[in-house]
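# Remarks on the overall topology
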2 protein chains.
Amino acid sequence: MTSTLLPENTPGAELSLLEDGARYALLQRLTPVLQHQIMGNFQSMDMLAVMMDRRLQSASPDLGNLRQDCTLLGSVSESAIKSVINLLTWVCPKPAATQRFDAGVEECAALLLNDFKLKGFVIANEVPPVAAEFSCRALRSVVSAALFCLSDQATAPATLTLRAQAFPDRIDLTIDLLCTEQEQAKHVYSNGYRLLNWRDLELLAAAESVGLARSDSGAWLSFRLPAEHQKLPAALVASG
Amino acid sequence: MTSTLLPENTPGAELSLLEDGARYALLQRLTPVLQHQIMGNFQSMDMLAVMMDRRLQSASPDLGNLRQDCTLLGSVSESAIKSVINLLTWVCPKPAATQRFDAGVEECAALLLNDFKLKGFVIANEVPPVAAEFSCRALRSVVSAALFCLSDQATAPATLTLRAQAFPDRIDLTIDLLCTEQEQAKHVYSNGYRLLNWRDLELLAAAESVGLARSDSGAWLSFRLPAEHQKLPAALVASG
């Protein structure tokens, strides 16, 4: 009943469909983590509503406290909205958005920290301040996919150490994997979705023009600086 | 610098990567619509916080009104949370979730209604009550992709009419396209993301085992009933 799959698309379109496939696989792994991250805001909101309700039960409630709650409510609801909008930028990235290299790496490391801890992995971010702007989409997708891919392929829980080095034309990021508990079998934990493999990482890196190679102990990623932003390394890496 | 793309995966894995690519392309089109849908909840919450704040400015505020606001706040914040969690089921579908055929079609039609209106398209959902359960992911992805694909490929604004017919072993859904303003050039509107083509729709339909063919005026989709749920057509379609 299903019509046959015709290769309607050009090879370029087919490659971009494969890249989008890797983006989808990554997003399936990221969504539970992103959901967990925003839910705290909603819990605070819920607690505030319950607390105000309780105060209002009294015949003569303390208005000062209520006013404070109300101010807090405004700011908690504002951060809930911001967190949802930020989550949606992971789902549907704005192609022109940029962020600092170090901020992008730290964002991914912080996001995955707890999820990785649950499966026995440690993320050690030793990237120094790097004042160079890159595409958010490139940083987020390639760095988070590299962390997922290396941990998915590891045979035992490990520490993943991120380090960066600035060159006039690029920033190199290395992720080194050091198994911490070689005796212990790995606790596979991917929220029911498929693991990320090297092929996914290659597709994502190629889509973002990020250099990628396996290293002895993990992966090497290279983020090329746009010609107009090329500076001396000293200007890029502050002594953190 | 980028390592070459090795065909590491089996053909099956490559096909599933292509399917995920089509899922990603669909999600990029759906996200702005889904975002728009949930933002109403947050606006209500914001308005409530502002109103309560205003009431509390008074030296002796009306406690009855404040108690009502607070009750409303609880329910508005609850629906905001529900709407975010529902949005996330579009981003990261739960494979086992099912819904009624008619409800799934109506969910897609209602979701896209306003977005389509902006580009001059009308969605007319004439699907009668159909009491058969299907996978949410299958209904949502194939029906919404079919609507996007047909409107993206239309040369002029049109009315898209959805009709269904129940058979002992399947439910057929037709989407017929009738151009309403043949003189007027189509207003291309895809939120900056790529249009969906027939190949995407084929990949999504095949991934969900949904039959698909072009018809003279649009598309024909066929949702097979699991053997254990096959009933007489009369039992499936209530006289709506």
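Conventions and cut-offs
Residues numbered from 1 in each chain as written. Chains lettered and ligands numbered in written order. Predicted model: local features only at pLDDT ≥ 70, side-chain atom pairs only at ≥ 80, totals over all residues. Heavy atoms only, no water. Least-squares fit on C-alpha atoms with pLDDT ≥ 70 in both. Contact = heavy atoms within 4.5 Å. Helix = DSSP H or I, 4+ residues; strand = E, 2+ residues; numbered from the N terminus. Buried < 20%, exposed > 50% of the residue type's maximum accessible area, 1.4 Å probe, protein only. Polar contact = N/O pair within 3.5 Å; in protein donor to acceptor, adjacent residues only side chain to side chain. Pairing = 2+ DSSP bridges. Axes fitted to C-alpha atoms, helices over the stretch in contact; angles between N-to-C directions. Salt bridge = Lys/Arg side-chain N within 4 Å of Asp/Glu carboxyl O.

### Examining the relation of the copies chain A and chain B
Superposing chain A onto chain B takes a rotation of 180 degrees combined with a translation of 0.0 Å along the rotation axis, leaving an RMSD of 0.0 Å. Within this description, the copies of the chain are treated as partners about a two-fold rotation axis. Residues of chain A ranked by C-alpha distance from the rotation axis are headed by Gly21 of chain A, positioned 1.8 Å from it. Here 100% of the interface residues in chain A have copies in chain B that are interface residues too; the copies meet face to matching face.

### Some words on the side chain of Ser144 of chain A
All names here are of chain A. Here Ser144 lies in helix α4 (residues 136-153). The class of Ser144 is buried, set by a relative accessible area of 1%. Within the structure, Ser144 has its side chain in polar contact with the backbone oxygen of Arg140 (distance 2.6 Å). When sequence neighbours within four positions are dropped, the list of residues in contact with Ser144 reads Leu26, Leu30, Trp90, Cys108, Leu112 and Leu139.

### A short note on the sheet that holds strand β6 (residues 210-215) of chain B
Note: strands within a sheet are paired through backbone hydrogen bonds, in either parallel or antiparallel orientation. Residue and element names in this part refer to chain B. Pairing is mixed across the open sheet formed by 5 strands, whose spatial order is β2-β4-β5-β7-β6. The two strands at the open ends of the sheet, each matched to only one other strand, are β2 (122-125) and β6. Strand-to-strand twist in this sheet, taken as the mean axis angle between neighbours without regard to direction, amounts to 15 degrees. Strand contacts of helix α3 (residues 101-118): β2, β4 (158-166), β5 (170-179) and β7 (218-224), with the helix running at about 160 degrees to β2, the strand carrying the most contacts. Packing of helix α5 (residues 198-207) onto the sheet brings it into contact with β6 and β7, and relative to β6 it is tilted by some 150 degrees.

### Overview of helix α5 (residues 198-207) of chain A
With 8 of 10 residues buried, α5 of chain A is to be regarded as a mostly interior element. Regarding α5 of chain A, the residues found buried are Trp198, Arg199, Asp200, Leu201, Glu202, Leu203, Leu204 and Ala205 of chain A. The secondary structure elements touched by the buried residues of α5 of chain A are α1 (11-57), α4, β6 (210-215) and β7 (218-224) of chain A together with α1 (11-57) of chain B. At the N-terminal boundary of α5 of chain A, the capping side chain belongs to Asn197 of chain A, with an oxygen 3.1 Å from the backbone nitrogen of Arg199 of chain A.

### Structural notes on the sheet that holds strand β2 (residues 122-125) of chain A
All names here are of chain A. Spatially, the 5 strands line up as an open sheet ordered β2-β4-β5-β7-β6, and their pairing is mixed. Pairing within the sheet leaves two strands with one partner each, and these edge strands are β2 and β6. Each strand of the sheet is rotated relative to its neighbour by a mean of 15 degrees, with strand direction disregarded. Bridge analysis of β2 against strand β4 (residues 158-166) gives 4 bridges, and the strand direction is parallel. Residue pairing for β4: Ala124 is matched across the bridge by Thr161. Along the sheet, helix α3 (residues 101-118) makes contact with β2, β4, β5 (170-179) and β7, crossing β2 at roughly 160 degrees. Its contacts with the sheet put α5 on β6 and β7, and the angle it makes with β6 is roughly 150 degrees.

### Examining the pattern of salt bridges
Residue and element names in this part refer to chain A. This structure, assessed with the given rule, holds 29 salt bridges over all chains. Between Arg23 and Asp20 there is a salt bridge whose closest N-O contact spans 2.7 Å. On the criterion of helical spacing, the pair formed by Arg23 and Asp20 is a turn pair, its members being 3 residues apart in helix α1. Note on accessibility: Arg23 and Asp20 belong to one class, buried. One salt bridge in this structure joins Arg55 and Asp69, with 2.6 Å as the shortest N-O distance.

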